[in-house]
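What follows is the residue order along each chain.
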Amino acid sequence: MANEKRGDGTVGKALDVLSEVAEIGSPVRFSSLLKTSKYPKATLYRLLQTLLNQDMLSYNEEEQTYKLGLKLVRMAHSAWLQSSLAPVAVPFIDDLSEKVGETVHLAELDNGQVLYVDKRNPASPIEMYSQAGKVGPAYCTGVGKAMMAFLDEAELNKVISKQAFHKYTEHTITTAKALRKELANIKKEGISFDRQEHEEKIICISSPILTSSGKVIGGLSITSSIDIHSLKSLEKFKPQLLETSELIGKEAGAWSFPEKNY
């Protein structure tokens, strides 16, 4: 019954097709879609036309390809802003970035992983993996460990069970036991470090963003390179980092956020 409901009607079918185009991740021809679609040719064409009419897809006449439309992109961006700390944190991370002159990341935990929701670069940015909208591992990033350290026991167990413990560098933590030991220290200190654990040469200092009741709603990091800073020199940013995290946490108290799937 549930399967029938999900596929019932034009809306459900059109969303199926929209998902197919999105999952391909690049402009796609009708013939390619038809090969994998569960809908016959005439139905698929009609559904594509419906999505085009609603600006959910766009069509390139010259290349004869479909891709996601600007209306969908705008909707996705709006949903992202409404479900994250981004709009609350903007003035605070702007100010922090200007003060420290380094890359600042705002992140949340999502299904056991780190979701980067915003980023500020210095005047001369360094190349690194993290970008707003990207997902990274929690167990070997400073911001991931900072958030994990302040979860309650049930949430922490769930998040740890979702870690891959892949060895990215020679510094990567690769066991749950070693991770738990470090998380205990992070909770005592209030900050965490990335010691080139995810990317060679990339280091950071991080802190959690907590509500007044102590619930984790995000994490903040100041990130640099060993060519510019040492872990010791990054530690000088601890007061500004903790102050900014606290300010964001207080500001977020007036907002309502959806429950996170840790």
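These lines cover the structure that appears in this document, whether it is placed above or below. (Residues numbered from 1 in each chain as written. Predicted model: local features only at pLDDT ≥ 70, side-chain atom pairs only at ≥ 80, totals over all residues. Heavy atoms only, no water.)

**Describing the overall build of the protein chain**
So the rule is basically this: A run of H or I in DSSP counts as a helix once it spans at least four residues, and a run of E counts as a strand once it spans at least two, with each numbered from the N terminus. Partly exposed describes any residue whose relative accessible area lies between the buried limit of under 20% and the exposed limit of over 50%, with all areas from a 1.4 Å probe on protein chains only and scaled to the type maximum. Contacts: residue pairs with any heavy atoms within 4.5 Å of one another. Only the protein chains shown count as cover for residues, with accessible areas throughout obtained via the Shrake-Rupley method and a probe of 1.4 Å.
Within the protein chain one finds 11 helices and 9 strands. With 262 residues in all, the protein chain has 44% of them scored as buried. Put simply, of all contacts in the protein chain between residues at least 6 apart along the chain, 58% involve residues at least 24 apart. When the accessible surface of the protein chain is summed, it comes to about 14100 Å², and 52% of that surface belongs to carbon and sulfur atoms.

**Points about the sheet that holds strand S3 (residues 65-68)**
As a reminder of what qualifies: By definition, two strands form a pair when at least two bridges between them are found by DSSP. Axis lines are fitted to C-alpha atoms, over the contacting stretch for helices. Their N-to-C directions set the angle, which ranges from 0 to 180 degrees.
Strand order in this open sheet of 3 strands is S1-S3-S2, and the pairing throughout is antiparallel. Two strands in the sheet have a free side with no partner beyond their single neighbour: strand S1 (28-29) and strand S2 (57-60). In terms of strand pairing, S1 meets S3 through 2 bridges, oriented antiparallel. What sits directly across from Arg29, in S3, is Thr65. Across the sheet, helix H2 (residues 9-24) is in contact with S1, S2 and S3; its angle to S3 comes to roughly 90 degrees. On the sheet, helix H4 (residues 41-53) packs against S2 and S3 and is oriented at approximately 105 degrees with respect to S2.

**Regarding the side chain of Ser207**
Put simply, the rule is: Under the rule applied, a polar contact is a pair of N or O atoms within 3.5 Å (in protein, one hydrogen donor and one hydrogen acceptor; residues adjacent in sequence only if both atoms are side-chain atoms).
Residue placement: Ser207 occurs in strand S8 (residues 202-210). We classify Ser207 as buried; its relative accessible area is 0%. Within the structure, the side chain of Ser207 is placed 2.5 Å from the side chain of Ser245, a separation counted as a polar contact. With residues up to four places along the chain from it excluded, the contact list for Ser207 reads Ala146, Gly190, Ile191, Gly219, Leu220, Leu241, Leu242 and Ser245.

**Considerations on the side chain of Ser245**
Within the fold, Ser245 resides in helix H11 (residues 238-252). Once you skip the residues sitting within four places of it in the chain, Ser245 turns out to touch Ser207, Pro208, Ile209 and Leu220.

**Let's talk about the environment of Asp152**
Considering the arrangement of structural elements, one finds Asp152 in the loop between helix H7 (142-149) and helix H8 (153-161). The class for Asp152 is partly exposed, based on a relative accessible area of 42%. The spacing of Asp152 and Lys215 is 63 residues in sequence and 8.5 Å in space, taken between C-alpha atoms. At 2.8 Å, the side chain of Asp152 and the backbone nitrogen of Glu155 are in polar contact.

**Focus: the pairing of strand S5 (residues 113-120)**
Counting buried residues in S5 gives 7 out of 8 residues, a clear majority hidden from the surface. Alignment of strand S4 (residues 103-110) against S5, held across 7 bridges, turns out to be antiparallel. Within the sheet, the bridge partner assigned to His105 lies in S5 and is Lys119. The turn linking S4 back onto S5 is made up of 2 residues, and Asn111 within it adopts a positive phi angle of 55 degrees. Pairing geometry for S5 and strand S6 (residues 135-136), over 2 bridges, is antiparallel. Bridging across to S6, Leu115 finds its partner in Val135.

**Considerations on the packing of aromatic side chains**
To describe a pair of aromatic rings, one takes the distance between the centres and the angle between the planes. Which entries qualify depends on this criterion: Stacked, edge-to-face and tilted labels apply to pairs of Phe, Tyr and Trp rings (six-membered ring for Trp) whose centres lie within 6.5 Å, assigned for plane angles under 30 degrees, over 60, and everything in between, in that order.
Under the counting rule described, the total for this entry stands at 3 aromatic pairs. When the centroid spacing of 6.3 Å and the interplanar angle of 75 degrees are considered together, the rings of Phe30 and Tyr45 count as edge-to-face. Of this pair, Phe30 sits in helix H3 (residues 30-36) while Tyr45 sits in helix H4, placing them 15 residues apart in sequence. Ring centres of Tyr139 and Phe165 lie 5.1 Å apart, and the angle between their planes is 50 degrees; this geometry places the pair in the tilted category. Remark: Phe165 occurs in the loop between H8 and helix H9 (176-189) and Tyr139 occurs in the loop between S6 and H7; sequence separation between them is 26 residues. As far as burial versus exposure is concerned, Tyr139 and Phe165 are alike and both buried.

**Topic: unusual backbone geometry**
The phi torsion at Phe165 lies on the positive side, around 55 degrees, for a residue other than glycine. Given a relative accessible area of 17%, Phe165 falls into the buried group. Despite not being glycine, Gln196 has its phi angle at roughly 60 degrees, a positive value. Mapped onto the elements, Gln196 comes out in the loop between strand S7 (192-195) and S8.

**Describing the sheet that holds S6**
Reading across the sheet, the 6 strands line up as S6-S5-S4-S9-S8-S7 and stay open at both edges, with antiparallel pairing between neighbours. Each end of this open sheet is capped by a strand with a single partner; those strands are S6 and S7. Sheet topology note: the S4/strand S9 (residues 216-225) ladder contains 5 bridges and is antiparallel. Directly across from His105, in S9, lies its bridge partner Ser221. Against the sheet, helix H6 (residues 86-100) engages S4, S5 and S9, with an angle of about 65 degrees to S5. Docked against the sheet, H7 engages S4, S5, S7, S8 and S9, running at close to 150 degrees with respect to S7.

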